[in-house]
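# Summary of the model geometry
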Amino acid sequence: MAAEVMLMNEIEAKAASMGIDLIIDFNSIQLPRGEDCGIVSDDEDVYHDDHLEFDSGFGNVIVVDNLPVVPREKFEKLEGVIRKIYSQIGVIKEDGLWMPVDPETKKTLGYCFIEYNTPQEAELAKEKTNGYKLDRAHIFSVNMFDDFDKYMRVPDEWAPPEIKPYTPGENLQKWLTDEKARDQFVIRAGTDTEVLWNDARQSKTELVYKRTYWTESFVQWSPLGTYLATVHRQGAAVWGGANTFNRLMRYAHPQVKLIDFSPGEKFLVTYSSHEPSNPRDANRVVINIFDVRTGKVMRDFKGSADEFTIGGAGGVAGVSWPVFRWGGGKEDKYFAKLGKNMISVYETETFSLIDKISLKVENVVDFSWSPTDLILALFVPELGGGNQPARVSLVQIPSKVELRQKNLFSVSDCKMYWQSNGEYLAVKADRYTKTKKSTYTGFELFRIKERDIPIEVLELDNKNDKIIAFAWEPKGHRFAVIHGDNPRPDISFYSMKSSHNLGRVSKLTTLKGKQANALFWSPGGRFIVLAGLKGFNGQLEFFNVDELETMATAEHFMATDIEWDPTGRYVATAVTSVHEMENGFNIWSFHGKLLYRILKDHFFQFLWRPRPPPFLSAEKEEEILKYLKKYSKKYDAEDQDVSMLLSEQDREKRRMLKEEWEKWISEWRRASEEEKLERQKLRDGEASDEEEEYEAKEVEVEEILDFSEEVLFEE
């Protein structure tokens, strides 16, 4: 430290002698316009896009028109009324209210300017008071001050728009035609984002596209895999293409924190939260719904965070995410939001409420859409200390007709799980015992596709077991439950069909004492990974549910994430930067064989690229399965060729290692010969280097262990 101080003193003295001021005000440094010194911003395109409108410096100022025109003596009264109205919405700056006066008549001009502390408060004031009726003759017209610039640029005379020649777009599904039938995934590690092929045959990855500082927070695939979305300070963008990733569209939403696609990829929902100027007020939330292809805002929702926190916390600052849940499958016809004593269902043709009114449901706390049908499942808890039981209702949309209802007594909590085809709904109900001191869990199983929607009640063999995890088999009739209070819980498998009764739930098996707390079904069903995350340190068991047998057990120490590829052929396990060590991912076969391992420092994300549903009919898929051996001959031959190639590569690698070893041995032999005379001299003329040719001689060594001298005195 002393050396550093002395060095700094020398530098300061040298600078003083040369007349150089070392004190630099970095805020005063401005780069020339258009100059970036070679440092390209990760969202530079967003900043320089002429199509995006940004604040010109007056984003927190509104203009209120259609005010009464009053003389000077009534000026103070009118100002007080306006201040009272607009100070309820936000904090008006000191001297932030100005009403111009006509210098000739000394009367107001019928409009005023109001300046808030933040642009968010100004936007809210515009939204809340535009059209406000002060009296019969004065209805407010409110605009943002920044908007006048935009209005002034509108030409006085109409001119026909420029017609651009049609240029065909890229094939955004080109990646699906890969000759090797591989899947892609995206990873984020450090400052890099990479899209890679999973080349499992070669036991490695193959780079598709790599970019540094591609996003500032996270990336997200669209549900059908068409787009990759990135998030930036000024908004979001989507990327895609045939051979590389080009930017297809961007969406201006400053300080965006979360995004969500509709199931059919037609719409993108963006969310931001802004702190108010008054700490006692709730955060200001802005939600935009964009058309993905055009980038147009179809509808926006603004308000306090309190308006969006109903239904539990699952997002940011207590806001449940996603705020809007989509129904109707990939058609994207409807979306809904949970509110106080209501569910607001909107249709995407006009982005307005169905029948212009929300679905009124007293004390509703949760709802979910069927994955395939326009059916809402909603949950209402107990009221009046149990006098009014809890209930689960199934409601048809858009008719809002109730299809089925089930009352549930002594319920403390409830969760709903849809099977992927929408054939079954499982309702996990935690019920109080008679003493009200503890709870036990049971399941209400709805058969959605059957007449009158019959319901079965399922209780575990030990109904007091804690439910750790529940998961339906995709596209199937089975489900798995992890249950128990022990360090090693049990896992039970059930079927909605039994061998003698297709309409009856039956237990298939129970696996005792497993190190698992999470369930990951293969997308095609049949196989499942029983995973022990967090406290179980990444224990993995690959289980065949058809045969009810374990295929393999393994471990990925400290694994935080597990994800099947969309075909169900491979499983990825990852250790993200939640842990400081062993960051990276492993790729496994469906039966638990480790194919390859990639280590990456500061590893943040691993996401398989989703595949769209096949265009083949169910009959055609059955036909392919029937003649699978015939089709598989081609791929078996390719696999054999790859295997032979890998074997040849292994042989070549071994041959090169052998040659390298022999070369190394030869070098040491040559060096040994060159040093032979020197070694002989060191051995007093003995010529041989072989130890066994020497005669061992015994040498006697006399050693004095101790010696002491003692003087005795006589008295």
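Rules and cut-offs
Residues numbered from 1 in each chain as written. Predicted model: local features only at pLDDT ≥ 70, side-chain atom pairs only at ≥ 80, totals over all residues. Heavy atoms only, no water. Phe/Tyr/Trp six-rings, centres within 6.5 Å; stacked < 30°, edge-to-face > 60°. Helix = DSSP H or I, 4+ residues; strand = E, 2+ residues; numbered from the N terminus. Buried < 20%, exposed > 50% of the residue type's maximum accessible area, 1.4 Å probe, protein only. Expected span 1.5 Å × (residues − 1). Arc of directions from axis to C-beta. Pairing = 2+ DSSP bridges. Axes fitted to C-alpha atoms, helices over the stretch in contact; angles between N-to-C directions. Contact = heavy atoms within 4.5 Å. pLDDT = per-residue confidence, 0-100. Salt bridge = Lys/Arg side-chain N within 4 Å of Asp/Glu carboxyl O.

As enumerated under the stated definition, the model contains 43 aromatic pairs in all. With centroids separated by 5.8 Å and ring planes inclined at 85°, the aromatic side chains of phenylalanine 470 and tryptophan 472 adopt a geometry described as edge-to-face. Ring geometry for phenylalanine 493 versus tryptophan 521: centroids 6.3 Å apart, planes at 90°, classification edge-to-face. In this pair, phenylalanine 493 sits in strand β33 (residues 490-495) while tryptophan 521 sits in strand β35 (residues 518-521), placing the two residues 28 residues apart along the sequence. There is no split in this pair, since phenylalanine 493 and tryptophan 521 are both buried. Taken together, the ring pairs in this structure connect Phe58, Trp98, Tyr111, Phe113, Phe145, Phe148 and Tyr151 into an aromatic cluster.

The subject of this paragraph is helix α3 (residues 72-86). In this model, α3 (15 residues) spans 21 Å end to end at C-alpha, consistent with the 21 Å of a helix rising 1.5 Å per residue. Residues of α3 that are buried include every one of Phe75, Leu78, Ile82, Ile85 and Tyr86, and no others. Here the buried residues of α3 occupy an arc of 100° about the axis, which is enough to place them on one side. Away from the buried face of α3 by more than 90 degrees, exposed residues Glu73, Glu76, Lys77 and Lys84 are located.

Attention now moves to the sheet that holds strand β2 (residues 92-98). Across the sheet, four strands lie side by side as β2-β3-β1-β6; this open sheet has antiparallel pairing. The strands lining the two open edges of the sheet, one partner per strand, are β2 and β6 (141-144). The average undirected angle you get between the axes of adjacent strands in this sheet is 20°. Of the strand pairs in this sheet, strand β1 (residues 61-65) and strand β3 (residues 111-116) are connected by five bridges, and their pairing is antiparallel. By the bridge assignment, valine 63 is partnered in β3 with phenylalanine 113. With respect to the sheet, α3 is in contact with β1, β2, β3 and β6, its orientation differing from that of β2 by roughly 135°. Relative to the sheet, helix α4 (residues 119-129) contacts β1, β3 and β6, its axis offset from that of β6 by approximately 155°.

For the rest of this paragraph, the subject is the side chain of threonine 193. Topologically, threonine 193 is positioned in strand β8 (residues 192-199). The exposure class of threonine 193 is buried, given its relative accessible area of 2%. Non-local contacts of threonine 193, meaning those with residues more than four positions away in its chain, are made with Val186, Ile187, Arg188, Tyr209, Lys210, Arg211, Trp214, Thr215 and Val219.

Moving on to the confidence of the model for the chain. Taken over all residues, the pLDDT of the chain has a mean of 85, while the share at 70 or more is 85%. Residue range residues 24-56 is modelled with pLDDT below 50. Its contacts to residues more than four positions away, or to other chains, number 31 contacts. Predicted confidence for residues 312-317 stays below pLDDT 50, and this span has 15 contacts to residues more than four positions away or in other chains.

Opposite charge on two side chains permits them to pair, given that their charged atoms come into close proximity. Following the criterion strictly, the structure yields 36 salt bridges and no others. Of the charged contacts in the structure, one is a salt bridge between lysine 93 and glutamate 115, with a shortest N-O distance of 3.4 Å. Of this pair, lysine 93 sits in strand β2 while glutamate 115 is found in strand β3, placing the two residues 22 residues apart along the sequence. Judged by relative accessible area, which is 31%, lysine 93 ranks as partly exposed. The partner of arginine 431 in a salt bridge is glutamate 444, and the shortest N-O contact between them spans 3.0 Å. You can see arginine 431 sitting in strand β28 (residues 424-432) and its partner glutamate 444 sitting in strand β29 (residues 439-447), a full 13 residues away along the chain. Counted as one network, the salt bridges with shared partners bring together Asp178, Lys180, Arg182, Asp199 and Glu206.

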